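# Chain and residue survey
Take a look at the letters that make up each chain.
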Amino acid sequence: MTNGCISGGERYFHINANGDVEPRVFAHFAMDNIEDKSLAEVLNSPLFRKIRNMRPYCLNPNRPCMLIDVPQVSREAFCMPGVYPTHPGAGTLFTELSPAMDEYAEEYGKVADKAWAEHPMRPVRKIEVQLRRKKVKMAVSGD
């Protein structure tokens, strides 16, 4: 319902307790620490730019996540030079957990793609505009 991935500074990022700036709360990888660089510099880092430039990861908005829905995207982004894990075991996403993640993504992809083909949603931004207009009409008409 977010109309795609919002991580990587698109509309969201995470700063952990150590100051590492992660693309999202569940992506325990960073290239920079907020103590060393300004937020503007971090948001313009090669990691965050790559994450944003790779969008959309999938044309089906039911599959927006680079970690779960399209894991090869996260592998490409988080294996860049200078990217480091911010949590013990984070690297297992690309080693022992990789086959299970790929299998899950493939199986879920079949279900999500079928659902999208049968019942495509309108883009979220159009829905938000329609809701705003409705609220304005409701406020004007007293409903």
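Each remark here, short or long, concerns the structure printed above.
The model shown is predicted, which means the values in this text are computed figures rather than measured ones.

A separate point is the packing of helix α2 (residues 46–53) against helix α3 (residues 71–78). Between α2 and α3, the least distance of the axes is 10 Å, while the angle of their chain directions is 155 degrees. Classified by the angle between their axes, α2 and α3 sit roughly antiparallel to one another. Pair α2 / α3 crosses with right-handed handedness. Contacts between α2 and α3 involve L47, K50 and I51 from the former and E76, A77 and F78 from the latter. When its residues are assigned to classes, the contact of α2 with α3 shows 4 nonpolar, no polar and 2 charged.

Take the nonpolar core next. Of all hydrophobic cores here, the largest spans 22 residues; its most connected members are L47 and F78. Broken down by secondary-structure element, the contributors of at least two residues to this core are α2 and α3. Leave out the neighbours within four places in its chain, and F78 touches P23, A27, F29, L47, I51, M66, L67, V83 and F94.

Moving on, we come to the side chain of N60. Relative to the elements of secondary structure, N60 occurs in the loop between α2 and α3. Judged by relative accessible area, which is 3%, N60 ranks as buried. For N60, the side chain forms a polar contact with the side chain of D113, separated by 2.9 Å. The contact partners of N60, leaving out residues within four places of it in the chain, are A112, D113 and W116.

Attention shifts here to the environment of D69. Here D69 shows up in the loop between α2 and α3. Residue D69 is classed as buried on the basis of its relative accessible area, which comes to 8%. As for D69 and A112, which are separated by 43 residues in sequence, their C-alpha atoms are 9.8 Å apart. Apart from residues lying up to four places away in sequence, D69 is in contact with N62, R63, P64, A105 and Y108. Looking at D69, its side chain comes within polar contact range of the main-chain nitrogen of C65, at 2.9 Å.

In total, this model carries 7 salt bridges according to the counting rule given. Here D113 ties to R63 by a salt bridge, and the two come within 3.0 Å at their closest N and O atoms. Taken together, the residues span a long stretch of sequence, with D113 in helix α4 (residues 98–118) and R63 in the loop between α2 and α3 at a distance of 50 residues. A residue is classified by how much of its surface remains accessible, and D113, at 34% relative accessible area, is partly exposed.

Cut-offs and rules
Per chain, residues are indexed from 1 in the order of the written sequence. Two thresholds apply to this predicted model, a pLDDT of at least 70 for residue-level local features and 80 or more for giving and counting side-chain atom pairs, whereas whole-chain, interface and lining totals are computed over all residues. With hydrogens and water set aside, each side-chain value is computed from the structure's full complement of heavy atoms. Axis definition: a line fitted to C-alpha atoms, over the contacting stretch in the case of helices. Angles run 0 to 180 degrees between N-to-C directions. The helix count covers DSSP runs of H or I at least four residues long, the strand count covers runs of E at least two residues long, and both are numbered beginning at the N terminus. In what follows, roughly perpendicular refers to angles from 65 to 115 degrees, roughly parallel to angles under 35, roughly antiparallel to angles over 145, and oblique to any angle outside these ranges. Here a crossing is called left-handed whenever its near helix is offset anticlockwise from the far helix by less than a right angle, and right-handed whenever the offset is clockwise. Whether two residues are in contact is decided by their heavy atoms: any pair within 4.5 Å suffices. Just so you know the grouping, Ala, Val, Leu, Ile, Met, Phe, Trp, Tyr, Cys and Pro go in nonpolar, Asp, Glu, Lys and Arg go in charged, and all remaining residues, Gly too, go in polar. In plain words, nonpolar cores are sets of buried Ala, Val, Leu, Ile, Met, Phe, Trp, Tyr and Cys residues tied together by side-chain atoms within 4.5 Å. Only protein chains enter the calculation, and the probe is 1.4 Å; a residue is then buried if its accessible area is under 20% of its type maximum, exposed if over 50%, and partly exposed in between. Counting of polar contacts relies on pairs of N or O atoms within 3.5 Å, with two restrictions inside protein: one atom must be capable of donating a hydrogen and the other of accepting it, and residues adjacent in sequence are counted only when both atoms are side-chain atoms. What counts as a salt bridge is simple: a side-chain nitrogen of Lys or Arg found within 4 Å of a carboxyl oxygen of Asp or Glu.

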